[in-house]
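# Report on the structure
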Amino acid sequence: MLDPRLFRTDLDFVTTQLARRNFAFDADAYTRLEARRKDIQVKTQDLQNQRNSNAKAIGQAKAKGEDVQPLLDQVGQVGEELKAAEAELATIQAQLDSLMSSIPNILDEAVPEGKDEDSNLEISRWGEPRQFDFAAKDHVELGEKLQGMDFELGAKIAGSRFVVLNGGLARLQRALIQFMLDTHTAEHGYNEVYVPFLVNADSLRGTGQLPKFEADLFKASSDPDLYLIPTAEVPVTNIVRDVIIEAKNLPLKFVCHSPCFRSEAGAYGRDVRGMIRQHQFEKVEIVQIVKPEDSAQAHEQLTAHAETILQKLNLPYRRMLLCAGDTGFSSTKTYDLEVWLPAQGLYREISSCSNFKDFQARRLQARWRNPETGKPELVHTLNGSGLAAGRTLIAVMENYQDADGRIHIPEVLLPYMGGLTVIG
RNA sequence: GGAGAGAUGGCCGAGCGGCUGAAGGCGCUCCCCUGCUAAGGGAGUAUGGGCUUUAACUCCCAUCGAGGGUUCGAACCCCUCUCUCUCCGCCA
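What comes next is a walk through the structure. (Residues numbered from 1 in each chain as written. Chains lettered and ligands numbered in written order. Predicted model: local features only at pLDDT ≥ 70, side-chain atom pairs only at ≥ 80, totals over all residues. Heavy atoms only, no water.)

### Some words on the overall build of chain A
Each helix and strand in chain A was counted, giving 12 helices and 18 strands. Taken across its 424 residues, chain A has 49% of its residues classed as buried. Of the contacts formed within chain A by residues at least 6 apart in sequence, a portion of 73% connects residues at least 24 apart. Working note: accessible area of chain A is about 20,400 Å², and carbon and sulfur atoms make up 48% of it. (Helix = DSSP H or I, 4+ residues; strand = E, 2+ residues; numbered from the N terminus. Buried < 20%, exposed > 50% of the residue type's maximum accessible area, 1.4 Å probe, protein only. Contact = heavy atoms within 4.5 Å. Areas by Shrake-Rupley, 256 points an atom, 1.4 Å probe, with all protein chains shown as cover.)

Take a look at the structure:
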């Protein structure tokens, strides 16, 4: 949710900024709605004021033992009028809310123009892709050969876009998760949390998945309304919903492992092969809640924390700055980390690190008390994958394979593998 | 799943249908007093909105778990829901 004041003070700025995203904002419709809201709100509050002073007068007259009947006769129609005005205000307010919550965040100045991923900007590269003296196999082939990755079984048990991992590969994924959690808590100062994997609609509104992206979610129950989380970002960021945080407690840094569930509606035919795009996958998420002045720096830092994982695993990657058209709805600026997949010979998204500034905080009413003003002010929220475990598993398999299709365990994972050094 | 009790400011806690946005206490902030400490005295201390062509103040509106209702008027009465606690049952 954007700042309503920005709309009142600089509507042109809002319109041109949203156009960068190819978001057509109807400023005239907004202006008309806002004018009506103001009108009716003033009228409603006027009537409420009348009602209150009438009621007060009756109360006082009664206390003095006077006859209140003449007063009662006077106030008759205020109630009806007020009721109508309140109903109208509620309708307009709902329209305005629905309009406002469908508007994406304003992009950071640094975000390059462009309509899709082809315009994303490469910021840096790390690591040298390994030279293979044999034809590198992809993870599907490797997984089947090792009898550690079974998509048919996943399909039998659940359906398409599900997988069953077995033996060493299942353990390798768990090792990756453990390694990531340990690194972020011990070296990067994050606090590990365990959270609900089913969330209510309020939480999804807070982080921006609702109302616009319901189709991407799995709804688990209608009474009560519960959804499977598409990312731990949702429950973790909602820790601070409706909270006023003391300045001394900032920044808050959370790390959380969770399964993620995505319906991938609209992704039919894309990435059908293998574990790239599943309905269920494991991810370690890092989240920061910071003072507004710190968020730009925190964004760099948080992205570097995710990069550390790739570096320790010795997986070549590059950092991309997403262009205007590719940046997510709630984000002002997003870095994607893309890991090298040798079988396909390309870099593939494995982490997405975003600065939401106050966009989520406004929906969440997540605030801090600014000691300078003594007033509650909105915090800035950030998050990033640190990393997507399923895709990291793929990257390790493909980058650490040998000519016989065996997977060598990266050194940093050895302590988590119970003595296993090679799978296969 | 069954039976019962409850939800009021940062915390505890009072609250008769009518000057109650809310007593009192604790905490916190500022001031006074005291040689230091302790104690004492005074003042202040919710959030959002109306609000925009400045800012402050005054003013107005809303909010006592949430949503409806009754009423001229609801923290208080009625209904629905959510959550918490106690006991019983079940369970990893």
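### Observations regarding helix 10 (residues 295-312)
Over its 18 residues, helix 10 extends 26 Å from the first C-alpha to the last, a length consistent with the 26 Å expected when each residue adds 1.5 Å. Following helix 10 by one or two positions, Asn 314 has its phi on the positive side, about 55 degrees. (Expected span 1.5 Å × (residues − 1).)

### Overview of the sheet that holds strand 8 (residues 244-246)
Within the open sheet, the three strands sit side by side as 8-14-15. Their pairing is mixed. Two strands in the sheet have a free side with no partner beyond their single neighbour: strand 8 and strand 15 (376-378). Along the sheet, successive strands turn relative to each other by an average axial angle of 40 degrees, direction set aside. Alignment of strand 8 against strand 14 (residues 367-369), held across three bridges, turns out to be parallel. Pairing of Ile 244 across the sheet is with Arg 367, part of strand 14. (Pairing = 2+ DSSP bridges. Axes fitted to C-alpha atoms, helices over the stretch in contact; angles between N-to-C directions.)

### Some points on the pairing of strand 11 (residues 317-321)
For strand 11, the tally of buried residues reaches five of five residues, placing the bulk of the element in the interior. By the alternation rule, side chains of strand 11 split into Tyr 317, Arg 319 and Leu 321 and Arg 318 and Met 320, which are all buried. In this structure, strand 1 (residues 121-126) lies alongside strand 11, joined through five bridges in antiparallel fashion. For Trp 126, the partnering residue across the bridge sits in strand 11 and is Tyr 317. When strand 11 meets strand 12 (residues 333-341), the two strands line up antiparallel, connected through five bridges. In the sheet register, Arg 319 faces strand 12, and the bridge partner there is Leu 337.

### Digging into the pairing of strand 13 (residues 346-357)
Summarising the sheet, strand 12 and strand 13 pair through nine bridges and their orientation is antiparallel. Within the sheet, the bridge partner assigned to Thr 334 lies in strand 13 and is Ser 354. Hairpin connection from strand 12 to strand 13: four residues lie between these consecutive antiparallel strands, with Gly 345 at a positive phi of about 65 degrees. Strand direction decides the pairing type here: strand 13 and strand 16 (residues 380-388), joined by four bridges, are antiparallel. Counterpart to Lys 357 in the pairing with strand 16 is Thr 381.

### A look at the protein's contact with RNA strand B
Close to RNA strand B lie 23 residues; Arg 8, Lys 38, Gln 48, Arg 51 and Ala 55 are nearest. Put simply, 66% of the atoms of RNA strand B that lie within 4 Å of the protein are in sugar or phosphate. A distance of 3.3 Å separates a phosphate oxygen of RNA strand B from a polar atom in the side chain of Lys 38. One of the side-chain nitrogen or oxygen atoms of Asn 52 is found 3.1 Å away from a phosphate oxygen of RNA strand B. (Near = heavy atom within 4 Å. Polar contact = N/O pair within 3.5 Å; in protein donor to acceptor, adjacent residues only side chain to side chain.)

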